[in-house]
Amino acid sequence: MSDQNSIRSLSPELASKAQKELGEVPDRIEEDIDTLRTWISKQPHLKARQDAQFLIAFLRGCKYSLEKTKLKLDNFYAMRGVVPELYKNRFVGEKQMGILETGCLLRLPQPLGADGPRIHISRYGLYDSKKYSIAEVVQVSTMIGEIQIREDDNAMISGFVEIIDMKGVGAGHIFQFDAVLVKKLAVLGDKALPYRPKGFHFVNAPASAETFMSIAKSLMSEKIRKRFHIHTKLESLYKYVPKECLPAEYGGSNGTIDDVVTTWREKLLSYQNFFEEEVSYGTNEKLRRGDAVNVESLFGIEGSFRKLDID
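The rules behind these values
- Residues numbered from 1 in each chain as written.
- Predicted model: local features only at pLDDT ≥ 70, side-chain atom pairs only at ≥ 80, totals over all residues.
- Heavy atoms only, no water.
- Axes fitted to C-alpha atoms, helices over the stretch in contact; angles between N-to-C directions.
- Helix = DSSP H or I, 4+ residues; strand = E, 2+ residues; numbered from the N terminus.
- Parallel < 35°, antiparallel > 145°, perpendicular 65-115°, else oblique.
- Contact = heavy atoms within 4.5 Å.
- Pairing = 2+ DSSP bridges.

- Per an unreviewed UniProt entry, the recorded name for the chain is Alpha-tocopherol transfer protein-like isoform X1, and the organism is Drosophila pseudoobscura pseudoobscura.

**Details of the packing of helix α7 (residues 134-151) against helix α14 (residues 257-270)**
Part 1 of the reasoning: Their axes nearest at 11 Å, the elements α7 and α14 cross at an angle of 85°. One way to sum up the angle between α7 and α14 is to call them roughly perpendicular. Contacts from M143, I144, I147, Q148 and E151 in α7 reach W264, K267 and L268 in α14.

**Focus: the sheet that holds strand β5 (residues 197-203)**
Part 1 of the reasoning: Strands sit in the order β2-β3-β4-β5-β6 across an open sheet of five strands; the sheet is mixed. With one partner strand each, in any of the chains shown, β2 (105-107) and β6 (228-231) form the two edges of the open sheet. With strand direction ignored, the average angle separating the axes of adjacent strands in the sheet is 20°.
Part 2 of the reasoning: Pairing of β2 with strand β3 (residues 118-122), which is carried by three bridges, proceeds in the antiparallel orientation. Within the sheet, the bridge partner assigned to L106 lies in β3 and is I121.
Part 3 of the reasoning: Its contacts with the sheet place α7 against β2 and β3, and it is angled at close to 15° to β2.

Shown next as structure tokens:
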């Protein structure tokens, strides 16, 4: 890993976008990072990473509002105690590699244009639901996401477009669909992660998926809801993601799925020590000044799911 203070220089296209859309002022970055580090060092409950490349991802994700950045960083670490199903035993092990190798979580090599968002393809029909749970699959997705926080300037500045290919999704996968987990993920995405989702596109969706989509949509904010699209044919997806931006298997020229899996296999293995160190970071809610962050305060889960009877 690079040293604590170095920040990758951006391409001219991304630098311009960061300044126009996120309010990035190159001369002020060092000062903002110092402010964050000072703040972290004064929080008795928080043990956070402080390298500049990590912190700038949060500043960008919060459009340089220091208050929002502090809150998001705090939640980013508090979530580890609150969503143990994603963060427990989060190591680069056999299970995580097995999930990655199914090809169910793809991050394509070329973004959507030089200053465009990263393109993700999730193919949940590909993992064996007898062998893995959806929480374990999402755990691997959070690990890939943390690597992107450190390495993917397109994703951190321009966000990402997620294509969810429903092909092969069966009863075993749908049975694992858990409204509480979906609610947690929605809050995690909104309050704790510095990513900027630009659109979720469902393709090859069976009719039964529409029911689940309407449940999922009811748990989202209006802003996020507008970003969800269901495509009955791939052609309507091309308006948002041109065909050539997709992998060869989808008729495009953005790498092959095998190559994407190989690249990320090597990448995840190279982060083995990183994820072992991650265990030492987080929040100690007993030491937090003010109200503890817990399931109720973050998700208001206590009664809200009693009325969510899915008939």
